[in-house]
Amino acid sequence: MIDGVRDLDRREMFAEIKRLCQPNNVTNWFVLLREWTVYALVVAACLGWYHGTTSRGWSIWWTVPVYLLSVFVIAVWVQNRLACLVHEASHYSLFKNRVLNEIAANLFVAFPFFGTISNYRIGHWGHHRNVNDPEKDPDLHRLRKHHPRHFPVSKWRFLWEYIVLQLSPHKAFTYLYGRAAYVAFTMKHQRVRDQNVLSRQATWALRIVFFGTLFGVLTYFGWWLHFLLFWLVPLATFYPATLFLRELGHHGNYPDNGDFTNSRVYEGYWLEREIFFPFSEQNHVLHHMFPTIPWHKMREAHAVMMRYPPYREQVVVCDGF
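Residues numbered from 1 in each chain as written. Predicted model: local features only at pLDDT ≥ 70, side-chain atom pairs only at ≥ 80, totals over all residues. Heavy atoms only, no water.

Applying the stated criterion across every chain, the model contains 31 aromatic pairs. Plain terms: the ring middles of tryptophan 58 and tryptophan 62 are 5.6 Å apart, the flat faces sit at 50° to each other, and that makes the pair tilted. We classify tryptophan 62 as exposed; its relative accessible area is 53%. Every member of this aromatic cluster is reached through a ring pair, and the members are Phe111, Phe114, Phe210, Phe211, Phe215, Trp224 and Phe227. For the cation-ring pair, arginine 81 lies above phenylalanine 279, with the distance from its terminal atom to the ring centre recorded as 4.8 Å. Lying over the aromatic face of tyrosine 92, arginine 98 brings its terminal NZ or CZ to 3.8 Å of the ring centre. (Phe/Tyr/Trp six-rings, centres within 6.5 Å; stacked < 30°, edge-to-face > 60°. Buried < 20%, exposed > 50% of the residue type's maximum accessible area, 1.4 Å probe, protein only. Lys NZ or Arg CZ within 6 Å of the ring centre and 35° of its normal.)

Here we take up empty space enclosed by the protein. Enumeration over the complete set of coordinates arrives at 3 cavities of 30 Å³ or more. Put simply, the largest cavity is a space of about 240 Å³. Forming the walls of the largest cavity are 22 residues, and the residues nearest its centre are Tyr120, Asp139, Arg179, Glu247 and His250. Breaking the lining of the largest cavity down by element, the ones donating at least two residues are α3 (64–90), α5 (117–129), α6 (138–146), α8 (169–183) and α11 (238–251). At 5 residues, α11 tops the list of elements feeding residues into the lining of the largest cavity. In the lining of the largest cavity, the residues fall into 7 nonpolar, 7 polar and 8 charged. For the lining of the second largest cavity, the secondary structure elements donating two or more residues are α3 and α13 (284–289). (1 Å grid on protein atoms, 1.4 Å probe; cavity = no way out; pocket = protein on both sides within 12 Å on 5 of 7 lines; lining within 4 Å. Points joined across faces, edges and corners; volume = space filled by probe spheres on them. Helix = DSSP H or I, 4+ residues; strand = E, 2+ residues; numbered from the N terminus. Nonpolar A, V, L, I, M, F, W, Y, C, P; charged D, E, K, R; others polar.)

Attention now goes to helix α2 (residues 27–55). One turn of the α-helix equals 3.6 residues, which is why residues spaced by three or four share an orientation. Between its first and last C-alpha atoms α2 spans 42 Å; for 29 residues at 1.5 Å apiece the expected length is 42 Å, and the two agree. Taken as a whole, α2 has its buried residues at Asn28, Val31, Leu32, Glu35, Tyr39, Val42, Val43, Cys46, Gly52 and Thr53. Contact partners of the buried residues in α2: α3, α4 (98–110) and α10 (224–235). With its phi angle positive at about 85°, glycine 57 sits one or two positions after the end of α2. (Expected span 1.5 Å × (residues − 1). Contact = heavy atoms within 4.5 Å.)

Moving on, we come to the packing of helix α7 (residues 155–164) against α11. With their axes 10 Å apart at the nearest point, α7 and α11 run at an angle of 125° to one another. One way to sum up the angle between α7 and α11 is to call them oblique. In this structure, α7 contributes Phe158, Tyr162 and Ile163 to the contact, and α11 contributes Phe244, Leu245 and Leu248. Residue composition of the contact of α7 with α11, grouped by class: 6 nonpolar, no polar and no charged. (Axes fitted to C-alpha atoms, helices over the stretch in contact; angles between N-to-C directions. Parallel < 35°, antiparallel > 145°, perpendicular 65-115°, else oblique.)

Following this line, the structure appears as structure tokens:
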């Protein structure tokens, strides 16, 4: 018992969690609108600054700091957060209706990263089945090929090796190459039974329509340079470094593969959580226990689990990296 609140036994805990494993068809429409609106505002602000300064006869170099800031925000905030929604959709938790989940997830969060939800799901569910297994966990295998792990390390070595070095073109390429095996191509891994809500033909048709429309709009309005500068450049610079840090936080230097100890709970500052662990990614232990809990119910689920002694006594709670 904590603060006068009665503990739950195993049966009661499962009943409370089951009640929370219910996504809806509304919440994430607002989330998608918000994230893409932020993207549009960042691009518009940068272009507005560029046109404003050049119209006054200022050097184009006045635009460079603003552009670099825009690239940073797009990668670290927008693209990073959208990637978390790819993860949410892979567990059919973006929308309750599974057909809606697949269509919306592909159009708004997977296709923009040149992948599909069904491809990502194959590898990600393999990670869930074999979490922290050095031979069978596809995530662990992919990340070790990208960068070896050396823990414990000093703060300065962590800063250099796991942050600064990750911004190099070589590290960006190796991370994105491994990521592409997840989202862009079908992994040679155990498939998820009955996972294809949409047929392969329907997914390809949707993909062709999306990219046909995208390329048509970019060509008609002459926005190819904008696409390069405001989507591909962030995608190849700060984006992979940010995702790598989150994956490192989830399973780097992990204790073991136990139910309560295969990852940890992060309770850092608000901005740190929103950048590295948005959409309740900070509680990765509970996600592995109950992958169908929607992100917006994870806080409540954690409160429930803190009333279950085995979880409360074993889970590792951190206040930052």
